[in-house]
Amino acid sequence: MATRYNPKEVEPKWRAAWDEAGVFRAKPPSEAGEKPKAYVLEMFPYPSGRLHMGHVRNYAMGDVVARHRLASGYNVLHPMGWDAFGMPAENAAIEKGAHPGVWTRDNIEAMKEQFAPLGLSFDWSRELATCEPSYYAHQQRIFLKMLENDLVYRKTSKVNWDPVDNTVLANEQVIDGKGWRSGAAVEQRELEQWFFKITSYADDLLQGLETLENWPEKVRTMQSNWIGKSRGAKIRWPVSGDAPDGVDQIDVFTTRPDTLFGASFLALAPDHPITKRLSETRAEVADFIAECAKIGTSEEAIETAPKLGIDLGFTVRHPFDPDWEIPVWSANFVLSTYGSGAVFGSPAGDQRDLDFARKYDLPVTPVVLPPGADAADHKIEDEAYTGPGEIYNSRFLDGLSTDDAIDAAIAKLEDLDLGEGATTYRLRDWGVSRQRYWGCPIPVVRCETCGVVPVPDEQLPVELPNDPDFSQPGNPLDRHPTWKHVTCPQCGRDALRETDTLDTFVDSSWYFARFCNTDSDAPVDREEAAYWLPVDQYIGGVEHAVLHLLYARFFTRALQTCGLIDLPSAEPFAGLFTQGMVTHETYKSADDKWLPPEEVDQTKSGAWIEIANGRPVTVGGVEKMSKSKKNVVDPTLIISDFGADVARWFVLSDSPPERDVQWTQSGVEGAWRFVQRLWSVADAAPDADDGLADTGDALELRRAIHRAIEGVGQGIESFRFNTAVAQIHELTNTLKKAETNSSAGMNTARREGIAVLAQLTAPFAPHIAEECWARIGCKGLVVQADWPTADPSLLTLDTVTLPIQVNGKKRGEIDAPVDANADQIEELALAEMKVAAFLSDKSVRKVIVVPGRIVNIVAS
RNA sequence: GCGGGCGUGGUGGAAUUGGUAGACACGCCAGACUUAAAAUCUGUUGGGCGUAAGCCCGUGCCGGUUCAAGUCCGGCCGCCCGCACCA
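All of these numbers come straight from a predicted model, not from anything done at the bench. Each chain has its residues counted from 1, running along the sequence as written. Chain letters and ligand numbers both follow the written order, the letters beginning at A and the numbers at 1. Residues qualify for local features only when their pLDDT is at least 70, as the model is predicted, and side-chain atom pairs are given and counted only at 80 or more; totals for whole chains, interfaces and linings, by contrast, use all residues. Working from all heavy atoms in the structure, the side-chain values ignore hydrogens and water.

Colleague: I tried to follow the overall build of chain A on my own but got confused; where do I start?
Modeller: For the purposes of this entry, the term helix denotes a DSSP run of H or I that reaches at least four residues, the term strand denotes a run of E that reaches at least two, and both are numbered from the N terminus. Helix and strand counts for chain A come out as 27 helices and 38 strands. Expressed along its principal axes, the backbone C-alpha trace of chain A runs to roughly 105 × 85 × 65 Å. In chain A, buried positions account for 53% of the 860 residues. Contacts in chain A between residues at least 24 apart in sequence constitute 71% of all its contacts with a sequence separation of at least 6. Throughout, the Shrake-Rupley method with a 1.4 Å probe supplies accessible areas, and for residues the shown protein chains are the sole cover considered. By element, 49% of the accessible surface of chain A is carried by carbon and sulfur atoms, the whole surface being about 38700 Å². Asp and Glu are treated as the negative residues and Lys and Arg as the positive ones, with His and the ends of the chain left uncounted. Where a charge lies is defined by one atom per residue type: Lys uses NZ, Arg uses CZ, Asp uses CG and Glu uses CD. Mean positive and mean negative side-chain charge positions of chain A (87 and 128 charges, respectively) differ by 4 Å. Relative accessible area decides the class of each residue, using a 1.4 Å probe on protein chains only: under 20% of the type maximum gives buried, over 50% gives exposed, and in between gives partly exposed. A contact between two residues is defined here by any heavy atoms of the two lying within 4.5 Å.

Here it is in structure tokens:
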């Protein structure tokens, strides 16, 4: 008697069984035996308190990989934790008066409850939360080690100040001149800050990218651009004329020393030290600096801002001709943060320089002749020529190619001791100070006598005070009545704690290493890290392509330098996969308000209406699920209606994992139908075998089964879950059809097929897979069963169907023995009725036989 | 502006990397079951012509290479993402 599959009863049963068997506990290296290791990790979530579909998709993908590796005989580490520090907890404190710690820990509990029914193969015994002293104590140790090893320093610097969040932002957190979280226009302020010396690894971080073959090309490119390596020359220009006191040269970086003879001005950034010096005595320079500061840093402002400059009233001498004096300007298009904050303008070869030169009537001397151009009539009007060519108007460089001229110019500069070849990076050091309560305290004390003193190890962790006051803006740690008042660990006198906390990106830069042994007394257990790292497969959103992933790569290098880990490669993530988002249609009511999907419906005629009042609804674009547009579907509701398997199956079907997937009601129903169909196939299983299944239809069925084994395995390993799903569908359909076939050996073949189907489905929809496995009487749990292997003899066929083309168009097909040679196939092809008929009035010129694939007859 | 990616039925997407375009799924349509609906099952479904066997067209556009092009090459058009006055 057919039964309906009821996930509400079945799913909890199997989760309990997995728990009881402890199947997801990673074994420490000493107990792993011969098994190879596999470290599968998804980016850990921020505990917002609310599970969303993006989580479901992310963790379902990781689960497919982890469960497949587990079944394939690996010792799998698949841990879970919480990226638990951060501003939302403080915002909750400010808005609702909740303590950030209480709020965060409650959220973690709530989310754990929402995660549980998904049936993910996490090893919860290694759970960690970055806000717990047991985690951040080690982070403070790492910080102090980095301090010892010169990887941390303090400097006063201009910082991005978010006036709404009252905090400093990293460059990466400023998007279009606005705070990444608040959206407020970012201001510039001078503050003393802690910095991580990520730039000392710039080249290594760049080179390491080349070894990351299992990373998306896109992410590698983005990181490479972010690091931004440029080769060129550093040139020291001796000053002349009425230069400020103490200034005897100006350093300039250029990638184009070949265009030096086209130089017509030097330009300094408005906040270059020399410009600032001059502003103290010259009002017009001060006015100019103020004018430049007024122009925002937004994309639009930069694009439309006209070139602005001011003649600083002194000159420099050309490095190749001491008699040639060149005026020094300050210009708004020069960045103080790149190179040396100064450029030489060679207008014919650079559009910005040209715009500037035209505006202020500075000379424009072309020095690069484009290929094929004539020196006599090559002119620069409004467009600079930036391409390669032959150097002219350039004395000793004349006649050289641009590339050769670069080398020659650098050699000459080195000769004259006025410069040398140089490399510059766009990457800047990572400012990690945050004026925030809910973060990892920076474990140092400031003493008037001793300066900055590290907190001694036995006093770690420096814990956050439990009674922060959020009634006023600013940093509660700084305002706290007692917390910052300490005695200096060195001299014993009164001193002050550092009240800044660390950027939360620090927390996530090493958690994957902590997972290797969450009980270790050291920040990272050296031996276990050597065993587990690198993470074999890391999965997360592409929004972390630069920030988190670059910082984590920096951290493994820093940990290595500090002697805290010992790995053959400093790359933390051998494989990276960036998954797409979950999207949904958007809906707007008649009065232009966003409506959630559950409040709208489609009538028979296809019109969309608001359920509450029947008024028409406008269907908008398909966009990432977001609270603001209300196009959100709550996974918890889907799971309670349809079960976790349906939710998981849906987010893994149809769309390739790297692309966005659109959530639709009909798609959910499709997934539900599949689960029911799968169960009906398993439920209809014959009770016993009926002999050998090596002939006729039974053999054909077995072939289909083994093709599915092959295909699904490959699909999983290559992150083509959608095609793996399609093949599971296909096998299910084949098995369904086989139910009415009573040929010899069919029962045997069907029982094999259902067992295989359960195994192939298990990584995707693990609960129903267990139920099917049990239904046909297989021993143990499917999660513990060895992944099936395809029998190679069943993957090849005796006969193949070959299409026959005539002049590239299909005209018929033949069945040929798989081992037939080209001559035999040709003979069969030419004899095929339709082909022969088609060829009756033509003569065959050539026959191309591609064995196993196709036959093409060229005829005329 | 620079860098990366993409463009295939009504829809999401397949296509063994140059070898039968449209697997699988959604939707639509038809049929079975039902008093009826839902659910379920079965079948059809790229477009055009044809009673039919069949023929023609078809992977953004134009051209090329090849026995053979969604796939390779050249040139356009469009969309998406990242970076952006980086010297």
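Colleague: Just to check I follow, could you spell out the sheet that holds strand E28 (residues 576-579) for this structure?
Modeller: Remark on secondary structure: sheet strands pair via backbone hydrogen bonds, oriented parallel or antiparallel. By definition, two strands form a pair when at least two bridges between them are found by DSSP. Spatially, the 4 strands line up as an open sheet ordered E2-E1-E27-E28, and their pairing is parallel. Looking at strand neighbours, the two that pair on one side only are strand E2 (75-77) and E28, the edges of this open sheet. On average, adjacent strands in this sheet sit at an angle of 20° to one another, irrespective of strand direction. By the bridge criterion, 3 bridges tie strand E1 (residues 37-42) to E2 in an arrangement that is parallel. All axes here are fitted lines through C-alpha atoms, helices being fitted over the stretch that makes contact, and every angle between N-to-C directions spans 0 to 180 degrees.

Colleague: Looking at this structure, how should I read the packing of helix H21 (residues 696-717) against helix H23 (residues 746-761)?
Modeller: The description of two packed helices rests on the angle between their axes and on the distance between the axes. One can describe the packing of H21 onto H23 by two numbers: an axis separation of 9 Å at closest approach and a directional angle of 10°. Our classification of the angle between H21 and H23 gives roughly parallel. Facing H21, whose interface residues are Asp 697, Ala 698, Leu 701, Arg 702, Ile 705, His 706, Ala 708, Ile 709 and Val 712, H23 presents Met 746, Ala 749, Arg 750, Glu 752, Gly 753, Val 756 and Leu 760. Only Asp, Glu, Lys and Arg are considered charged in this grouping, and only Ala, Val, Leu, Ile, Met, Phe, Trp, Tyr, Cys and Pro are considered nonpolar; every other residue, Gly among them, is considered polar. Residues of the contact of H21 with H23, tallied by class, amount to 10 nonpolar, 2 polar and 4 charged. Angles below 35 degrees are treated as roughly parallel, those above 145 as roughly antiparallel, those between 65 and 115 as roughly perpendicular, and all remaining angles as oblique.

Colleague: Is there a simple way to think about the side chain of Arg 236 in this case?
Modeller: You can see Arg 236 is positioned in strand E10 (residues 229-240). The definition of a polar contact used here is a pair of N or O atoms within 3.5 Å, where within protein one atom must be able to donate a hydrogen and the other to accept one, and adjacent residues in sequence count solely through side-chain atom pairs. At 3.4 Å, the side chain of Arg 236 and the backbone oxygen of Asp 417 are in polar contact. A distance of 3.2 Å separates the side chain of Arg 236 from the side chain of Glu 420, its partner in a polar contact. The residues touching Arg 236, leaving out its near neighbours within four places in the chain, are Gln 249, Ile 250, Asp 251, Asp 417, Leu 418, Gly 419 and Glu 420.

Colleague: Which parts of the structure should I look at to understand the sheet that holds strand E5 (residues 152-162)?
Modeller: Pairing in this open sheet of 4 strands is antiparallel, and the strands run E6-E5-E9-E19 from one edge to the other. Each of the sheet's edge strands pairs with one partner strand only, and the pair in question is strand E6 (167-169) and strand E19 (430-431). Pairing of E5 with E6 involves 3 bridges; the strand directions are antiparallel. By the bridge assignment, Asn 160 is partnered in E6 with Leu 169.

Colleague: Could you clarify how one ought to interpret the pattern of salt bridges in this entry?
Modeller: Where charged atoms of side chains with opposite charge meet at close range, the side chains can pair. Criterion for a salt bridge: a side-chain nitrogen of Lys or Arg within 4 Å of a carboxyl oxygen of Asp or Glu. What the rule picks out here adds up to 39 salt bridges. Measuring nitrogen to oxygen at the nearest pair gives 2.8 Å for the salt bridge that ties Lys 37 to Asp 536. With a gap of 499 residues between them, Lys 37 in strand E1 and Asp 536 in the loop between helix H16 (526-532) and strand E27 (537-541) connect regions that are remote in the sequence. Among the residues examined, Asp 536 registers a relative accessible area of 23% and is labelled partly exposed. Between Glu 420 and Arg 236 there is a salt bridge; the shortest N-O distance is 3.2 Å. Taken as a pair, Glu 420 in strand E18 (residues 419-425) and Arg 236 in strand E10 lie far apart in primary sequence, 184 residues in all. Residue classification places Glu 420 among the partly exposed positions, given a relative accessible area of 26%. Under the relative-accessibility criterion, Arg 236 is labelled buried at 15%.

Colleague: Looking at this model, I keep getting lost on helix H11 (residues 351-360). Mind explaining?
Modeller: Each turn of an α-helix holds 3.6 residues, which means side chains three or four residues apart point in the same direction. Along H11, the positions that sit buried rather than exposed are Asp 353, Leu 354, Phe 356 and Ala 357. Buried residues of H11 fall within an arc of 165° about the axis and therefore sit on the same side. Close packing links the buried residues of H11 with strand E12 (265-268), strand E13 (309-318), strand E14 (321-331) and strand E15 (342-345). Residue Asp 361 follows H11 closely and has a positive phi angle near 60°. Directions from the helix axis toward the C-beta atoms define the arc.

Colleague: What exactly am I supposed to notice about the packing of aromatic side chains here?
Modeller: Each aromatic ring pair is summarised here by two numbers: the centre-to-centre distance and the angle between the ring planes. Centre distance within 6.5 Å is the pairing criterion for rings of Phe, Tyr and Trp, where only the six-membered ring of Trp is used; planes under 30 degrees apart are then read as stacked, over 60 as edge-to-face, and the remainder as tilted. Across all of its chains, the model carries 49 aromatic pairs by this definition. Here Trp 430 and Tyr 551 contribute two aromatic rings whose centre-to-centre distance is 3.5 Å and whose plane-to-plane angle is 0°, an arrangement assigned as stacked. Placement of the pair is Trp 430 in strand E19 and Tyr 551 in helix H17 (residues 547-561), with a sequence separation of 121 residues. For the pair Trp 430 and Tyr 551, one class covers both residues: buried. Plain terms: the ring middles of Phe 719 and Phe 721 are 5.2 Å apart, the flat faces sit at 50° to each other, and that makes the pair tilted. Of the residues examined, Phe 719 reaches a relative accessible area of 8% and is grouped as buried. An aromatic cluster is built from Phe 143, Trp 194, Phe 196, Tyr 201, Trp 430, Phe 505, Tyr 551, Phe 554 and Phe 555, whose rings are joined through pairwise contacts. Between Lys 155 and the ring centre of Phe 195, over which it is positioned, the NZ or CZ distance is 4.6 Å. The rule is short: NZ of Lys or CZ of Arg within 6 Å of the ring centre and within 35 degrees of the ring normal puts a charge over the ring. In this structure, Lys 412 is placed above the aromatic ring of Phe 396, and the distance from its NZ or CZ to the ring centre is 5.1 Å.

Colleague: How should the pairing of E10 be read in this particular structure?
Modeller: Sheet topology note: the E10/E18 ladder contains 7 bridges and is antiparallel. Paired with Ile 235 across the strands is Gly 419, a residue of E18. Relative to strand E11 (residues 249-254), E10 runs antiparallel, the two being bridged by 6 bridges. Along E11, the bridge assignment pairs Ile 235 with Val 252.

Colleague: When you look at the state of the cysteines in this model, what are you seeing that I'm missing?
Modeller: Note: disulfide means a covalent bond formed between the sulfur atoms of two cysteine side chains. Criterion for a disulfide: a pair of cysteine sulfur atoms within 2.5 Å. Going through the model one piece at a time under the given rule, you end up with 0 disulfides. A disulfide-free cysteine, Cys 491 has its sulfur positioned 3.6 Å from the sulfur of Cys 447, the nearest such atom.

Colleague: Honestly, a negative patch on the surface in this entry has me stumped. Any pointers?
Modeller: Here a patch means residues that are over 30% exposed by relative accessible area and free of salt bridges, tied together within 9 Å if like-charged and within 5 Å if nonpolar (Val, Leu, Ile, Met, Phe, Trp, Tyr). Among the surface-exposed residues, Asp 355, Glu 381, Asp 382 and Glu 383 lie close enough to one another that they form a single negatively charged patch. Summarising the element assignment, Glu 381 is placed in the loop between strand E16 (368-369) and strand E17 (390-391).

Colleague: It is not clear to me how the environment of Glu 280 should be interpreted in this structure. Could you clarify?
Modeller: With respect to the helices and strands, Glu 280 occurs in helix H8 (residues 273-281). Sequence-wise, Glu 280 and Arg 69 are 211 residues apart; in three dimensions their C-alpha atoms are separated by 67 Å.

Colleague: I keep staring at the packing of H8 against helix H9 (residues 283-294) and nothing clicks. Help me out?
Modeller: At a closest axis distance of 6 Å, the pairing of H8 and H9 adopts a crossing angle of 125°. Accordingly, the angle class assigned to the pair H8 and H9 is oblique. The crossing of H8 and H9 is left-handed. Where H8 approaches H9, its residues Thr 275, Lys 276, Leu 278, Ser 279 and Thr 281 are matched on the opposing element by Ala 283, Val 285, Ala 286 and Ile 289. Split by residue class, the contact of H8 with H9 holds 5 nonpolar, 3 polar and 1 charged. The handedness criterion is simple: a crossing whose near helix is rotated anticlockwise from the far helix by less than a right angle is left-handed, and one whose near helix is rotated clockwise is right-handed.

Colleague: Help me understand the environment of Asp 251, please; the structure alone is not making it clear to me.
Modeller: On the secondary structure map, Asp 251 appears in strand E11. In this view, Asp 251 contacts Lys 234, Ile 235, Arg 236, Ser 340 and Ala 342; residues no more than four positions away in its chain are not counted. Within the local environment of Asp 251, its side chain forms a polar contact with the side chain of Gln 249, the two groups lying 3.5 Å apart.

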